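# Structural features, examined
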Amino acid sequence: MSDRLKLTEEDIERVLQEVQEVPPTPAVIQISIEDMPSDAPARPPSSSSVLKVTEADLAPVPPQPAGEPNLTELETLMFGLVNSARQVHLPRWLGGPNLRWHDGLAAVARGHSADMLKRQYVEHTSPEGVKVAQRIDGQGIRYVACGENIGIVYGPASHSDQGIYEIHRAFMNQPRRISNHRGNLLNPIWSHVGIGAAYNTSGSLVVTQNFIAKFG
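Residues numbered from 1 in each chain as written. Predicted model: local features only at pLDDT ≥ 70, side-chain atom pairs only at ≥ 80, totals over all residues. Heavy atoms only, no water.

## Focus on the packing of aromatic side chains
Using the following cut-off: Any two rings among Phe, Tyr and Trp, with Trp reduced to its six-membered ring, count as a pair given centres within 6.5 Å; such a pair is stacked if its planes are under 30 degrees apart, edge-to-face if over 60, and tilted if neither. Helix and strand assignments come from DSSP, with helices taken as H or I runs of at least 4 residues and strands as E runs of at least 2, each series counted from the N terminus. Only protein chains enter the accessibility calculation, which uses a 1.4 Å probe; a residue whose area is less than 20% of its type maximum is buried, one above 50% is exposed, and one in between is partly exposed.
Per the counting criterion, the structure on display carries two aromatic pairs. Look at tryptophan 190 and phenylalanine 211: their rings are 5.8 Å apart centre to centre, the planes differ by 15 degrees, and that puts the pair in the stacked class. Taken together, the residues span a long stretch of sequence, with tryptophan 190 in the loop between helix H6 (181-185) and strand S4 (192-200) and phenylalanine 211 in strand S5 (residues 204-213) at a distance of 21 residues. For tryptophan 190, a relative accessible area of 4% corresponds to the buried category. Assessed through its relative accessible area of 0%, phenylalanine 211 is described here as buried.

See below:
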């Protein structure tokens, strides 16, 4: 059976109306290794709305390169994975399924990822109550609708591009619903995306995806 989404023009109009009213912000995905040795890096506390991936779900991590990961390369890798998934799962009659890169959205995403790591929270809403639409509005970005995905990986996978693959895999392994990370990533109304990664040496890699519909 084909895994391609079956969409009509009425479906797209309905989804557009929904995301204009409430931006899609699925519960944050956190990927952790539950049976880590006692000398492993400490992990921030998790919340009840977290999808946990156990050690058995993680692909083996190859030997890690010296130094910190190149965040620009990780963002570019994630961008390619997003568009590859859209090419596979969105119907051809929609036209080009690929999202265009948006530098302003990437700046918003990087800022939110860095803030979450710095202040040790993992949420779509900042401690001051600032939401994704407000962050995007603050950059003067014009759009019809917006949405956000957040994923974070802890442990050895965070030190390389393996973390990006694990986050993307966790997104795409979710049920076929418009209200979760997979559905948000594949939402046909989006036209642009910006991706921002942040990393710390204790073993945390957080990635924020910001989407907008910007017609014309």
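## Let's talk about the nonpolar core
Note the following rule: Think of a nonpolar core as a cluster: buried Ala, Val, Leu, Ile, Met, Phe, Trp, Tyr and Cys residues, connected wherever their side-chain atoms sit within 4.5 Å. We call two residues contacting when some pair of their heavy atoms lies within 4.5 Å.
The biggest cluster of nonpolar side chains holds 30 residues, and the ones touching the most others in it are Leu205 and Val207. Contributions of two or more residues to this core are made by strand S1 (29-31), helix H2 (71-89), strand S3 (145-154), helix H5 (162-172), S4 and S5. With six residues, H2 is the largest single contributor of residues to this core. Residues in contact with valine 207, not counting those within four places in the same chain, are Met78, Ser113, Asn149, Ile150, Gly151, Ile164, Ile167, Ile195, Gly196 and Ala197. Counting residues in hydrophobic clusters, the runner-up holds 10 residues, among them Val28, Tyr121, Ile150 and Ile152.

## A short note on the environment of asparagine 98
Spelled out, the test is: Here a polar contact is recorded for every N or O atom pair within 3.5 Å, except that within protein the pair must consist of a potential hydrogen donor and a potential acceptor, and residues adjacent in sequence are included only if both atoms are side-chain atoms.
Relative to the elements of secondary structure, asparagine 98 occurs in the loop between H2 and strand S2 (100-101). Spatially, the C-alpha atoms of asparagine 98 and valine 82 are 8.3 Å apart, while their sequence positions differ by 16 residues. Reaching out from asparagine 98, the side chain makes a polar contact with the side chain of glutamine 87 at a distance of 2.8 Å.

## Things to note about the confidence of the model for the chain
What counts, and what does not: Confidence scores per residue from the predictor, reported as pLDDT, run from 0 to 100.
Mean pLDDT over the chain stands at 82; residues scoring 70 or higher make up 73%. S2 holds the highest mean pLDDT among the elements of the chain, 98, whereas helix H1 (residues 9-21) holds the lowest, 58. Counting interchain partners and residues more than four positions distant, the pLDDT-below-50 stretch residues 34-52 has 26 contacts.

## Brief notes about the sheet that holds S5
Stated formally: What makes two strands pair is DSSP finding at least two bridges between them.
Across the sheet, five strands lie side by side as S1-S3-S5-S4-S2; this open sheet has mixed pairing. Since the sheet does not close on itself, it has two edges, and those belong to S1 and S2, each with one partner. In the sheet, S2 pairs with S4 via two bridges, with the strands oriented parallel. Along S4, the bridge assignment pairs tryptophan 101 with valine 193.

## Some words on the packing of H2 against H5
How we decide: To get an axis, fit a line to the C-alpha atoms, keeping to the stretch in contact for a helix; angles then go from 0 to 180 degrees between the N-to-C directions. Between 65 and 115 degrees an angle is taken as roughly perpendicular, under 35 as roughly parallel, over 145 as roughly antiparallel, and anywhere else as oblique. Helix crossings are classified by the rotation of the near helix relative to the far one: an anticlockwise turn of less than a right angle makes the crossing left-handed, while a clockwise turn makes it right-handed. When residues are grouped by polarity, Ala, Val, Leu, Ile, Met, Phe, Trp, Tyr, Cys and Pro land in nonpolar, Asp, Glu, Lys and Arg in charged, and all others, Gly among them, in polar.
One way to put it is that H2 packs onto H5 with a least axis distance of 10 Å and a crossing angle of 30 degrees. What the angle tells us is that H2 and H5 run roughly parallel. H2 and H5 meet at a crossing whose hand is right-handed. Contacts from Leu74, Leu77, Met78, Leu81, Val82, Ala85 and His89 of H2 reach H5 at Ile164, Tyr165, Ile167, His168 and Met172. Counted by class, the contact of H2 with H5 contains 10 nonpolar, two polar and no charged residues.

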